[in-house]
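What follows is the residue order along each chain.
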2 protein chains.
Amino acid sequence: MAGAGRVAGHLAVALHQRGHEIVQVVSRHAEPARALAEKVEAHPGTFSSHPPVPPADIIIYAVSDHALEEVLTLLPPEKMLALHTAGSLPADIFRGKAEHYGVLYPLQTFSEGREIDFREVPLCIEANTPDNEEKLQTLALSLSRRVVPASSSQRLFLHLAAVLVNNYVNHLYVLADELLQQEVLPFDLLHPLIEETTAKALTLGPQKAQTGPAARNDENVIKKHLELLSCSPELQTLYRMLSDSIRRRSSPEKK
Amino acid sequence: MAGAGRVAGHLAVALHQRGHEIVQVVSRHAEPARALAEKVEAHPGTFSSHPPVPPADIIIYAVSDHALEEVLTLLPPEKMLALHTAGSLPADIFRGKAEHYGVLYPLQTFSEGREIDFREVPLCIEANTPDNEEKLQTLALSLSRRVVPASSSQRLFLHLAAVLVNNYVNHLYVLADELLQQEVLPFDLLHPLIEETTAKALTLGPQKAQTGPAARNDENVIKKHLELLSCSPELQTLYRMLSDSIRRRSSPEKK
């Protein structure tokens with residue numbers, strides 16, 4: 001395992017739990033590698049100094065996008081199946097640097113201290129040959145019940161969609177929180193609504209779940225809200241764009 | 001109960017379940033009033049034709065914002081405590097039309113066929129006199145464990161925040177779904193991520209939960225995503241605005 005950050009950590013622990021042997025955890029800094037190596041009973045090392053160990057079948061580069069090329073130089077895959085875990089990098093980033101390669105992209109957000117049921121994490125896989133794909137699929141299926149072949153281009157769109165439903169949805173929560181703080185109201189007043197909104201979108205699908213002033217083209221309320229936001233031009237513009245975007249998709253009889 | 005739509009329906013059923021007597025359900029059309037009245041053992045009627053019944057203490061106008069004034073004329077509150085349930089209408093809309101009035105605003109999205117635990121629905125209340133506020137508070141506390149006094153101005157902001165975390169969050173799900181459809185990928189690949197995003201924001205608070213390319217100011221990924229969206233100028237602009245808005249709030253060391 002090359003890397004000891006959040007993705008590397010969650011992945012290494014899941015692999016360890018499913019009975020895979022993690023030979024070595026190698027990272028830029030000694031301490032995070034040591035901590036993760038201890039958790040998964042592996043040898044620790046750094047990119048610039050790692051002890052020789054029995055060879056592994058697979059090397060997983062779970063490092064940040066911009067670090068991958070450098071790490072590949074410091075820690076070449078040699079004969080191992082080289083995998084990266086990035087949504088936005090093509091599989092071909094390994095071309096010329098590895099003979100056997102592919103991608104194992106977990107479609108989930110990982111945080112320190114939050115447990116994730118890895119069996120439920122969709123794993124998007126891609127490999128450079130059918131043999132490597134089979135090997136990768138076996139590995140992925142040992143971790144998750146949701147394994148999906150996805151091309152580099154599909155993965156880019158998946159990552160983009162993930163940014164929308166994770167980072168941008170969360171940002172709307174931040175903006176709502178800021179509005180309530182202004183009025184000295186606690187954010188947790190919105191908790192039941194947020195939970196129900198999520199549950200409804202997952203059950204009905206988001207198209208059928210849409211309601212509200214924009215979906216029913218309620219000019220009065222939209223105008224009121226835009227006035228309310230006259231002191232926050234950023235949020236006002238965002239509000240207008242989102243309501244226009246919803247209106248364009250709504251049939252007139254919709255609520 | 002004036003109105004037989006989704007809010008009226010959920011509210012009437014909750015009131016009935018908590019032992020309140022619903023004297024009459026009156027609506028514009030006979031059929032929805034009849035159906036709801038039957039559910040809560042009340043007399044049905046329409047705004048233009050409703051049988052005389054024993055007087056009620058309270059009349060709840062759970063009708064759409066633009067219908068309220070007309071309904072008030074057709075069905076004046078007389079001596080009853082008049083309540084409306086709208087986020088965006090002031091309590092004073094009753095001034096000159098009712099002696100006793102207030103607002104009972106449930107901060108939740110109600111859908112036909114989806115059960116909501118009313119004990120968990122925040123009820124925002126406001127009344128025109130301390131006596132009426134007490135009466136309203138007693139009513140509200142019989143329905144929910146979360147009763148919050150909120151002025152008309154606070155309620156406006158609550159409603160606006162609710163639009164952000166409900167309609168606009170749901171719209172981001174719609175946009176993500178459209179992206180995946182383009183790539184022939186199913187929306188339910190995003191389900192675990194959506195659930196974890198929500199759970200994380202509610203547990204940590206949205207500020208601490210923020211991650212992603214914009215929060216860590218990852219120009220490469222942002223540029224890639226904007227290129228990917230070159231054929232969807234609407235979504236491209238939205239992406240740029242949201243990522244800028246996140247970047248402005250992020251400290252450089254943030255992930």
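Residues numbered from 1 in each chain as written. Chains lettered and ligands numbered in written order. Predicted model: local features only at pLDDT ≥ 70, side-chain atom pairs only at ≥ 80, totals over all residues. Heavy atoms only, no water.

Draft legend 1. Region of the structure containing the packing of helix α8 (residues 219–228) of chain A against helix α5 (residues 152–182) of chain B. Where α8(A) meets α5(B), the axes come as close as 11 Å, and the angle between the chain directions of the two elements is 105°. Considered as vectors, α8(A) and α5(B) are oriented roughly perpendicular to each other. Residue-level contacts link Val221(A), Lys224(A), His225(A) and Leu228(A) of α8(A) to Leu156(B), Phe157(B), His159(B), Leu160(B) and Val163(B) of α5(B). Looking at the contact of α8(A) with α5(B) residue by residue, the classes come out as six nonpolar, two polar and one charged. (Axes fitted to C-alpha atoms, helices over the stretch in contact; angles between N-to-C directions. Helix = DSSP H or I, 4+ residues; strand = E, 2+ residues; numbered from the N terminus. Parallel < 35°, antiparallel > 145°, perpendicular 65-115°, else oblique. Contact = heavy atoms within 4.5 Å. Nonpolar A, V, L, I, M, F, W, Y, C, P; charged D, E, K, R; others polar.)

Draft legend 2. A look at the nonpolar core. In terms of nonpolar packing, the biggest core is built from 122 residues, with Leu190(A) and Leu190(B) touching the most fellow members. Formed by 31 residues, the second largest nonpolar core is a distinct cluster that contains Leu11(B), Ala42(B), Phe110(B) and Leu143(B). (Core = buried A, V, L, I, M, F, W, Y, C linked by side-chain atoms within 4.5 Å. Buried < 20%, exposed > 50% of the residue type's maximum accessible area, 1.4 Å probe, protein only.)

Draft legend 3. Structural context of the relation of the copies chain A and chain B. Mapping chain A onto chain B leaves a residual RMSD of 0.0 Å; the transformation is a rotation of 180° accompanied by 0.0 Å of translation along its axis. With respect to symmetry, the two chain copies, as superposed, fit the operation of a two-fold axis. Nearest to the rotation axis, the C-alpha of Val169(A) is located 2.7 Å from it, this being the minimum over chain A. By residue overlap, the copies meet face to face through one surface: 100% of the interface positions of chain A are interface positions in chain B. (Least-squares fit on C-alpha atoms with pLDDT ≥ 70 in both.)

Draft legend 4. Summary view of the sheet that holds strand β3 (residues 58–61) of chain A. Residue and element names in this part refer to chain A. Strand order in this open sheet of five strands is β3-β4-β5-β6-β7, and the pairing throughout is mixed. For this open sheet the edge positions go to β3 and β7 (147–149), each flanked by a neighbour on one side alone. Within this sheet the neighbouring strands show an average axis-to-axis angle of 25°, counted without direction. Pairing of β3 with strand β4 (residues 81–84) involves four bridges; the strand directions are parallel. Pairing of isoleucine 60 across the sheet is with leucine 83, part of β4. Across the sheet, helix α4 (residues 130–143) lies against β3, β4, β5 (100–106), β6 (123–127) and β7, angled at about 165° from β6, the strand it touches most. Strands β4, β5, β6 and β7 of the sheet are contacted by helix α5 (residues 152–182), whose axis makes an angle of about 20° with β5. (Pairing = 2+ DSSP bridges.)

Draft legend 5. Highlighting the interface of chain A and chain B. Taken together, the contact between chain A and chain B spans 88 residues of the former and 88 residues of the latter. Counting the surface lost from both chain A and chain B, the interface buries some 9200 Å², and carbon and sulfur atoms represent 66% of this. Here chain A is connected to chain B by ten salt bridges. In this structure, the salt-bridge partner of Arg248(B) is Glu234(A), at a minimum N-O distance of 2.4 Å. Run the count over chain A and chain B and you get 38 residue pairs in polar contact (both at pLDDT 80 or more). Among the elements of the structure, α5, α6 (191–204), α7 (206–209), α8 and α9 (233–249) of chain A are those that each provide at least two residues to the side of chain A that touches chain B. Class assignment of the residues belonging to the side of chain A that touches chain B gives a composition of 46 nonpolar, 25 polar and 17 charged. (Buried area = accessible area lost by both parts, 1.4 Å probe. Salt bridge = Lys/Arg side-chain N within 4 Å of Asp/Glu carboxyl O. Polar contact = N/O pair within 3.5 Å; in protein donor to acceptor, adjacent residues only side chain to side chain.)

Draft legend 6. Representation of the environment of Val53(A) in the model. Residues and elements named next belong to chain A. With respect to the secondary-structure elements, valine 53 resides in the loop between β2 (43–46) and β3. Take valine 53: its relative accessible area is 25%, and that puts it in the partly exposed class. For the pair formed by valine 53 and lysine 135, sequence separation is 82 residues and the distance between their alpha carbons is 22 Å. Not counting residues within four places of it along the chain, the set of residues in contact with valine 53 comprises Val23, Gln24 and His43.

Draft legend 7. Quick look at unusual backbone geometry. Here the phi dihedral of Val184(A) falls at roughly 55°; this positive angle occurs in a residue that is not glycine. As for its placement among the helices and strands, Val184(A) is situated in the loop between α5 and α6.

Draft legend 8. Structural context of the side chain of Glu183(B). Within the secondary structure, Glu183(B) is located in the loop between α5 and α6 (191–204). Buried and unpaired, Glu183(B) has Arg155(A) as its nearest opposite-charge partner, separated by 11 Å. (Lys, Arg positive; Asp, Glu negative; His and termini not counted.)

Draft legend 9. Region of interest: the confidence of the model for chain A. In the predicted model, chain A carries a mean pLDDT of 95, and 98% of its residues have values of at least 70. Reported confidence for the predicted complex is 0.95 by ipTM and 0.94 by pTM. (pLDDT = per-residue confidence, 0-100.)

Draft legend 10. Layout of the sheet that holds strand β3 (residues 58–61) of chain B. Residues and elements named next belong to chain B. The strand order across the open sheet formed by five strands is β3-β4-β5-β6-β7, and the pairing between neighbours is mixed. Both outer strands of the open sheet, β3 and β7 (147–149), are each paired with one neighbouring strand and no more. Strand-to-strand twist across the sheet, computed as the mean angle between neighbouring axes with direction ignored, equals 25°. Relative to strand β6 (residues 123–127), strand β5 (residues 100–106) runs antiparallel, the two sharing five bridges. Considered in β6, the bridge of glycine 102 is made with alanine 127. Sitting on the sheet, α5 touches β4 (81–84), β5, β6 and β7, and the angle it makes with β5 is about 20°.

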